[in-house]
Each structure stands twice: as structure tokens, then as C-alpha cells.
Amino acid sequence: HVNADDPEAVMLVADIAAEWRSTWHRDVVIDLVGYRKFGHNEIDEPMFTQPIMYSIIKKHPNVLDIYSNKLIAEGVATKEEVQAVVDKYDKICEEAYKKASEETKIYNKDWLDSPWSGFFEGKDPLKVADTGCPEETLVHIGKRFAQGPPNAPDFKIHSAMKRIHKTRNEMVESRQIDWAMSEAFAFGSLLKDGIHVRLSGQDVERGTFSHRHHVLHHQTEDKSTYNPLSNLYPDQAPYSVCNSSLSEYGILGFELGYSMTNPNALVLWEGQFGDFANTAQCIIDQFIASGQSKWVRQSGLVMLLPHGMEGMGPEHSSARPERFLQMCSDDPE
């Protein structure tokens, strides 16, 4: 909690918060108490709806005057020195404003985050890179995916999971794959190449239809788990798979932000059914579909969405991918 009228206190609290995060790796919230001088924006008239509050704000000295008077009273700076700093900053703003009027074109690259610089250089956007990998790599991934922890014979696996592992081993031997195995091949080969893979959504560890099983649970010890795809190679990239709460708007927003900061990662969010996509819709409409044209943001986020009519009602069965494609279309027709 800090008063925005006290810049030194604000800086102190910000330093403490930054040190807290750096030391303890935990979130911290700063309650910065201030006010809007002109309401919603500079041409707003807040007296229409908040006459009492803004009659007080109009009489309240602004933070620059409060801090300047404090420095002058303490003998830290003279009135002339304070005015010189103000004039210097005004000049910087005025020169930048004049220079801005000379610009006739906006370059998107000037607005891109630094992690994306160089990501597209030397690549032909019309050509798909070779994504194949040796069969022995797939066999290794498949066999690791079809077993529990190799050095923990006491790790008790569910009896149904043993049958699934047996079937997966048979698929590897017969060179056949199903959806879960092909997904494991894709994730595992990327992890081998040093690409971080991150998957979130409700029940993604097990899979909506019990098809994935990326996290095995010890049947007699609580909170004892094993992730096969995190144990493929000693030098592989991390695999993050986590069941998320039913707050799709918040979860998808977080994953979108995560994908923006690391172009060299596969970030996936899985909407279990169509109604999960519905409650994440504002993120899709506001920030994903319009991400490049409005926000000039780059993202490699992948959304796994159901689209088959499964008899559970229209809002439950379909995530309406055609609507998302239509929103992303640049064709005015």
C-alpha cells in the first residue's frame, strides 16, 4: 500500500516488490493509491458523474508540485534547478511530438518484442521446413511413453494403465499409431531438439477421454507422479503439462502472454469442449484474432478445440472454428 503523491515511497515499494519476486519467486501486489486528474481521458468531463470527488481533485496539488516543493524546502534543489529539469523534459516531449508528425509510415517491426527479433530472418514463409525425424527416435519415444518410471519398480500403476502401456508397446512394434501416440511423437521429438513444450487446460494430463495419460499417478502413495515425456533424454527441453482451473478467460490469457515471450516454444491450450472456448471467447476475440492487425503482437499459441457435434448441445459440442477463421480473415468480402 503506497500513496502515489509520494514518489520516493513509490520507488521504495517498487524496489521491495522487485526484490521479493527475485528472491522468493512469488507474486506481489502493489496497492498504488492515486487518482485520474481528468477522469477517463484528457477530454472527459468527470464532473458529470463524480462532482464531489472531482471538486476535491481540482483543488489538490499535482504530484510534480508536491515533490518539487518538498525538494526545495529540504534544500536538495533550488527553484531554478527544478524548473530547468521541467523545461528540459518539456523540450524532449515537444521535439518528439514535432518529429512524429514527419513520420508517414508505421513499421510493425518497431513495435515487436525483442524475443521475436531475428525469428523470421532467413526463412521462406511459403516453404514448410523439414519436420521429419529418424525412426529410431520415434521408437525410443514410443517405448518410454509406454512404461512407468524405469528405475522405480515399487511405483504402482493403475491396472487399466498397464493395459494401455501394453497396447502402446504393441503399436510401436507393429509401426502403428493412434492420436495419443502421434501426439507423444510430436512432443517428444521437439523436446529432443531443445524446444520447450507447454500444455494446459482442464484434464490435459489425463486427456479428456482418458487417451493421453502424460502424468502417471502412484496408486498407493498420494502426490507421487511420473511424467514419461519429461524423462526421454538427459539433455531434453522441459515439458510442462498442467491441469488448469475452470477459469478459461484467465488461463488462455496467461498462455497467450507466455507464447509471446518465447517464439521457440510450443505453447498449447486445450478447450475440453465447446463451452470452454465460449468462456475464453473475449481473449480470442480481443487479443488473438486481432493480435497482429491491432496489437502488432506475434504469437505461436496453439488452441486445441473440439468441433464435432457430440449430442451434448450446440454450445458444448462445437468450438465454432469457422468463426475464428472468419475473424482472422483479411478479405473484406
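Refer to the structure presented above.
Computed from a predicted structure; not experimentally measured. (Residues numbered from 1 in each chain as written. Predicted model: local features only at pLDDT ≥ 70, side-chain atom pairs only at ≥ 80, totals over all residues. Heavy atoms only, no water.)

(A) View of the overall build of the protein. A tally of regular secondary structure across the protein gives 12 helices and eight strands. The C-alpha atoms of the protein give 28 Å as radius of gyration, which overshoots the globular expectation for 333 residues (20 Å, by more than 25%). Dimensions along the principal axes, computed over C-alpha positions, put the protein at roughly 85 × 55 × 45 Å. Looking at the 333 residues of the protein, the share that counts as buried comes to 30%. For the protein, long-range pairs separated by at least 24 residues make up 67% of all intrachain contacts whose partners lie at least 6 apart in sequence. (Helix = DSSP H or I, 4+ residues; strand = E, 2+ residues; numbered from the N terminus. Rg over C-alpha atoms; globule rule 2.2 N^0.38 Å. Buried < 20%, exposed > 50% of the residue type's maximum accessible area, 1.4 Å probe, protein only. Contact = heavy atoms within 4.5 Å.)

(B) Representation of the packing of aromatic side chains. The tally for this structure, following the rule as stated, stands at six aromatic pairs. Between the aromatic rings of tryptophan 20 and tryptophan 24, the centroid separation amounts to 6.3 Å while the plane-to-plane angle is 50°, which identifies the pairing as tilted. Residue tryptophan 20 and its partner tryptophan 24 are both found in helix H1 (residues 7-24); the two are separated by four residues, about one turn of the helix. Look at tryptophan 20 and you get partly exposed, because its relative accessible area is 41%. Considering the side-chain rings of phenylalanine 209 and phenylalanine 273, the 6.0 Å spacing of their centres and the 85° angle between planes classify their relative orientation as edge-to-face. Of the two residues, phenylalanine 209 is situated in the loop between strand S3 (196-201) and strand S4 (216-217) and phenylalanine 273 in the loop between strand S7 (265-270) and helix H9 (274-279); the sequence distance between them amounts to 64 residues. Classification of phenylalanine 209 as exposed rests on a relative accessible area of 57%. Taking the relative accessible area as the measure of exposure, phenylalanine 273 reaches 15% and is therefore buried. (Phe/Tyr/Trp six-rings, centres within 6.5 Å; stacked < 30°, edge-to-face > 60°.)

(C) Representation of the pattern of salt bridges in the model. Per the stated rule, a full pass over the model turns up 10 salt bridges. Residues lysine 143 and glutamate 173 are paired through a salt bridge, measuring 3.7 Å at the closest nitrogen-oxygen approach. Here the residue lysine 143 occupies a position in helix H5 (residues 135-145), and glutamate 173 occupies one in helix H6 (residues 159-174), the gap between them amounting to 30 residues. Salt-bridge contacts for glutamate 183 lead to arginine 212; the nearest nitrogen and oxygen are separated by 2.7 Å. One end of the pair, glutamate 183, is in helix H7 (residues 179-192); the other, arginine 212, is in the loop between S3 and S4, with 29 residues separating them in the sequence. A residue is classified by how much of its surface remains accessible, and glutamate 183, at 9% relative accessible area, is buried. Several salt bridges share partner residues, and in doing so they unite Glu8, Lys70 and Glu74 into one network. (Salt bridge = Lys/Arg side-chain N within 4 Å of Asp/Glu carboxyl O.)

(D) Representation of the sheet that holds S3 in the model. Across the sheet, which stays open at both edges, the four strands sit in the order S6-S3-S7-S8 with parallel pairing between neighbours. Of all strands in the sheet, those bounded by a partner on one side alone are strand S6 (239-243) and strand S8 (302-304). Strand-to-strand twist in this sheet, taken as the mean axis angle between neighbours without regard to direction, amounts to 15°. Note that S3 and S6 share five bridges and pair parallel. Looking at S6, one finds that leucine 199 is bridged to valine 241. (Pairing = 2+ DSSP bridges. Axes fitted to C-alpha atoms, helices over the stretch in contact; angles between N-to-C directions.)

(E) Spotlight on the packing of H5 against H6. Put simply, H5 and H6 touch, their axes get as near as 8 Å, and they point 165° apart. Relative to H6, the element H5 lies roughly antiparallel. Where H5 crosses over H6, the two elements pack in a sense that is left-handed. On H6, the residues touching Val139, Gly142, Lys143 and Phe145 of H5 are His165, Arg168, Asn169, Val172 and Glu173. Residue classes in the contact of H5 with H6 are distributed as three nonpolar, three polar and three charged. (Parallel < 35°, antiparallel > 145°, perpendicular 65-115°, else oblique. Left-handed = near helix turned anticlockwise from the far one by under 90°. Nonpolar A, V, L, I, M, F, W, Y, C, P; charged D, E, K, R; others polar.)

(F) Here's a closer look at the environment of glutamine 147. Along the chain, glutamine 147 falls in the loop between H5 and H6. In the structure, glutamine 147 is positioned 81 residues away from proline 228 in sequence and 7.6 Å away in space, judged by C-alpha atoms. If we skip the residues at most four places from it in the chain, glutamine 147 touches His165, Leu216, Tyr226 and Pro228.

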